[in-house]
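# Descriptive structure summary
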Amino acid sequence: MKFTISQIASLIQADIEGDAQRDIFQLTPIEAGQPGGITFLANPKYTPHLYTTQASAVIVSRDLVLQQPVNTTLLRVDNPYEAFTHLLETASEMMKRGRSGIEQPAFIADSAKVGKDVYVGAFAYISANVTIGDGVKIYPNTFIGEGVVIGDNTLIYPNVSIYYATQIGANCIIHAGASIGSDGFGFAPKEDGSYRKIPQLGQVVLQDHVEVGANTVIDRATMGTTLIQEGVKLDNLVQLAHNVEIGAHTVIAAQAGIAGSTKLGRNCMVGGQAGIVGHLTLADQTKIDAQSGVNRSIDTPGLAFRGSPIQAHRDQLRSEVMFRKLADMHMRLHDLELRMKELTEST
Amino acid sequence: MKFTISQIASLIQADIEGDAQRDIFQLTPIEAGQPGGITFLANPKYTPHLYTTQASAVIVSRDLVLQQPVNTTLLRVDNPYEAFTHLLETASEMMKRGRSGIEQPAFIADSAKVGKDVYVGAFAYISANVTIGDGVKIYPNTFIGEGVVIGDNTLIYPNVSIYYATQIGANCIIHAGASIGSDGFGFAPKEDGSYRKIPQLGQVVLQDHVEVGANTVIDRATMGTTLIQEGVKLDNLVQLAHNVEIGAHTVIAAQAGIAGSTKLGRNCMVGGQAGIVGHLTLADQTKIDAQSGVNRSIDTPGLAFRGSPIQAHRDQLRSEVMFRKLADMHMRLHDLELRMKELTEST
Amino acid sequence: MKFTISQIASLIQADIEGDAQRDIFQLTPIEAGQPGGITFLANPKYTPHLYTTQASAVIVSRDLVLQQPVNTTLLRVDNPYEAFTHLLETASEMMKRGRSGIEQPAFIADSAKVGKDVYVGAFAYISANVTIGDGVKIYPNTFIGEGVVIGDNTLIYPNVSIYYATQIGANCIIHAGASIGSDGFGFAPKEDGSYRKIPQLGQVVLQDHVEVGANTVIDRATMGTTLIQEGVKLDNLVQLAHNVEIGAHTVIAAQAGIAGSTKLGRNCMVGGQAGIVGHLTLADQTKIDAQSGVNRSIDTPGLAFRGSPIQAHRDQLRSEVMFRKLADMHMRLHDLELRMKELTEST
């Protein structure tokens, strides 16, 4: 994408101060501005960068008074931050709109129902009895299994694998390499020490506005449903086991893992690399710090936890402080013992 | 898949009580039953669900006496749990049997040998000198490198990458996005601070009945073999480094990682997110808890460990209890010091 | 690949002692030698293996004196270790050279520029405005997004996803299933508890000689650049969030994760499953142990850290020793309290 400064000025209703013909092809932070970039100045502490930036254009406030000449083109608006955000979202929309049509060769089973204004990339595979809503984009090399349903305007990036019978809502985003609907990890021990696989015949349901990070895995239920409610955001390399349920608008950071049948409430936050064992229930708005290990259910909403195994956030911080003093504590304990011995012997 | 209740009744030799013409297309838990679902009642504590379930059919014992009318169709058998398990396994078999033949376009090198009753999905890639056994299924968008050998009835899901010279046994299951045979992580430091790559020319061998989870990675050996013995089960997002060896029927949960050249015995269990450093040996039947960090070899079979770094399971639990009391211990220590000071000064 | 022993002898300038016509198709360690394998003997402690190895050939020193007859063919050279390393590197080069040309069907946009001596596998997807240097290899089922630039001799394995505008240097290796340029994890909370996605419009830049492990994820910057400098080595299943910067020749082991905007210096080493929170700066040559949790910036170069949260390496080791003694310390503390009580009451 490439625009002139005057095109951008018209989009954000800005007055131009400087060269209006420069080409813009990148949005950048002000301190890392490069030729071809546009940035903005909202926070006064970044003002010095205005005089040194290499960016081709900077969005500034109408009432900014220059202290010295600038090398960049100024775009004056009422609210630079809002104008820049508007620009970001417009650019983002244009990116998404970029791909359309059915590329060849793609594999689309005869029984699949494909909506309007859909993109299906080359080497994408749509199995039998799949239903794809309007405005859906399926990138190249992605696999959609039998009977999968995909809601309107959902975006699925390349090399994603959606196993059979998965249901995906509208306006979801699934990033590259994610696997949704793979078998839960269930095995029954046999007498000879080997294992018998327990068939995993449930499904995965993603409600609307869910985002799934790159290479994240969501296993299908043994029976019933692994359920990801509306607005949930999963970062990269997250593991959700069979029959997990995640409440609406809960956010889970990268490399966190949740074991089988655990249920998280709404608006929870789970930090990176945290682990939650199976068959627990966590109340709404629970906060779990990064690298924590959750080994018990949380009944009261809105509390924060930390540590492996978890304690209340504040208690864990105190234990951590003391942990760093352990060698000192041990010496003091030893010292007390010596003095106690002296005392006892002297009496 | 869709069946009538009478078809299912004949499969599990049940007597039908109620509407035999309903369609069944899902197996569900009794508490989450929906129209179109079939479930079972074996544990008396779930009996109340029988009168409220939305499931279209419930498998019950022949001698169950109803306390009130039900809305569902009953299928009476001698052993409801066994009947339902039989149904699960039948359904699972049918799922697996679903795909067959070579879809177009697939890439199959002239020198590849492909067995009977094989499925090769569209956009699957079979390199030169590959040998594929009978009944193997290779899903779309999966890559099989040069000289790979795949045993009979092995199932490889989409977007899997099998690097050259890997050997996979019979009756294995490889889930979506797994990478098998990628280079081990080996680099020799050079004098200028940069690294020289150490060629990774060994291979990976999976014996029979191994299951590999979605997006799990198994690196090839530097030289020799990264060996996964018979019946090993690996969950999703697991990392096995170069020259690792995993003994038969060992089970490794999601996001666990095992560093280079470490050898695990038979029938070990490794919890989720656990890590094991390189060049160790763990005895048979060792149990490692989730999030543990194993930094030493285990010589005695059948022991359980926990913590990072690990202690014996029981010792670690005691340390964890004390860790939560650390702030209290510190106060008590401080208090003792004050009293000791008083005592000493008073004498 | 298959060679005769005499071909190999000529490559490493060895004198042959024994059958020169045997076929060699594998390089192996001496203790795991199999027919068809070649190995070497440099370390005297492995000498006993020489008389029992099944390997078809062993590279040994010219001045080695046999204590008993051997079943293998000997290749006598001045420096067995160097000769074997030369063999390894030659074999590795030949592997890499193996694939060439554009296979069909591949998808290459008309506007893409493709260099000389390139390999593009079947089902690889090259988007519009991509630039691919000379000698690049792109394996099957890999996706290259719009405007991506790939430097000379870079090797990209199967099922990789490179999002739009990513820049990859020369002589890089990207392993199977890696995702580069996926959206950073950025969401702004709305008043109703749901989240608004913050557009992620920056890019990822990999400089020359970078290696990226299988199923590793590198997110694009929100604005600006996620920067991986020259010679960085990333193991499998690593997570690098938006706007992370990794200094030249830094090495990051498997399953480690680095949160948004954190900057690592040059020649750092990060252990497996370690986590680093966002917005930190780590000095050059910082060493972080496996499973550590880094929650603060490190200003002084060359220091080692361990623990979650981190302490100086040595302090953490002492705390860990004391942690294992905690139950004992608690008993000693309790005992002191009893004796103090006795003392106080007796005075």
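Residues numbered from 1 in each chain as written. Chains lettered and ligands numbered in written order. Predicted model: local features only at pLDDT ≥ 70, side-chain atom pairs only at ≥ 80, totals over all residues. Heavy atoms only, no water.

## Some words on the sheet that holds strand 29 (residues 239-240) of chain C
Residues and elements named next belong to chain C. One open sheet holds the 10 strands; their spatial order is 9-12-15-18-21-26-29-32-35-38, and the pairing between them is parallel. Of all strands in the sheet, those bounded by a partner on one side alone are strand 9 (107-108) and strand 38 (293-294). Sheet analysis places strand 35 (residues 275-276) next to strand 38, joined by 2 bridges and oriented parallel. The residue of strand 38 that forms the bridge with Ile 276 is Val 294. (Pairing = 2+ DSSP bridges. Helix = DSSP H or I, 4+ residues; strand = E, 2+ residues; numbered from the N terminus.)

## A few points about the interface of chain C and chain A
Taken together, the contact pairs 66 residues of chain C with 60 residues of chain A. Summed over both sides, the interface of chain C with chain A buries roughly 5,000 Å², with 63% coming from carbon and sulfur. Counting the surface chain C buries against chain A, the share from its top three residues, Phe 185, Leu 201 and Met 223 of chain C, is 14%. At the boundary of chain C with chain A, the tally comes to 3 salt bridges. At the junction of chain C with chain A, the criterion picks out 28 residue pairs in polar contact (both at pLDDT 80 or more). Elements represented by at least two residues in the side of chain C that touches chain A include exactly strand 21 (179-182), strand 23 (195-197), strand 26 (217-219), helix 4 (313-324) and helix 5 (326-346) of chain C. Considering each element in turn, the side of chain C that touches chain A owes the most residues, 8 residues, to helix 5 of chain C. Here the side of chain C that touches chain A is composed, by residue class, of 30 nonpolar, 26 polar and 10 charged. (Contact = heavy atoms within 4.5 Å. Buried area = accessible area lost by both parts, 1.4 Å probe. Salt bridge = Lys/Arg side-chain N within 4 Å of Asp/Glu carboxyl O. Polar contact = N/O pair within 3.5 Å; in protein donor to acceptor, adjacent residues only side chain to side chain. Nonpolar A, V, L, I, M, F, W, Y, C, P; charged D, E, K, R; others polar.)

## Digging into the packing of aromatic side chains
Summed over the entire model, instances satisfying the criterion amount to 33 aromatic pairs over all chains. Here the aromatic rings of Tyr 139 of chain A and Phe 143 of chain C are separated by 5.8 Å at their centres, their planes lie at 75 degrees, and the arrangement is edge-to-face. With Tyr 139 of chain A in the loop between strand 14 (137-138) and strand 15 (143-144) and Phe 143 of chain C in strand 15 (residues 143-144), this pair bridges two chains. Phe 143 of chain C gets classed as buried once you look at its relative accessible area, which sits at 2%. (Phe/Tyr/Trp six-rings, centres within 6.5 Å; stacked < 30°, edge-to-face > 60°. Buried < 20%, exposed > 50% of the residue type's maximum accessible area, 1.4 Å probe, protein only.)

## Observations concerning empty space enclosed by the protein
Applying the stated criterion to the full structure yields 5 cavities of 30 Å³ or more. Lining the largest cavity are 13 residues; nearest its centre among them are Asn 159 and Gly 177 of chain B together with Asn 159, Gly 177 and Asn 215 of chain C. Among the residues forming the lining of the largest cavity, the class breakdown is 2 nonpolar, 11 polar and no charged. (1 Å grid on protein atoms, 1.4 Å probe; cavity = no way out; pocket = protein on both sides within 12 Å on 5 of 7 lines; lining within 4 Å. Points joined across faces, edges and corners; volume = space filled by probe spheres on them.)

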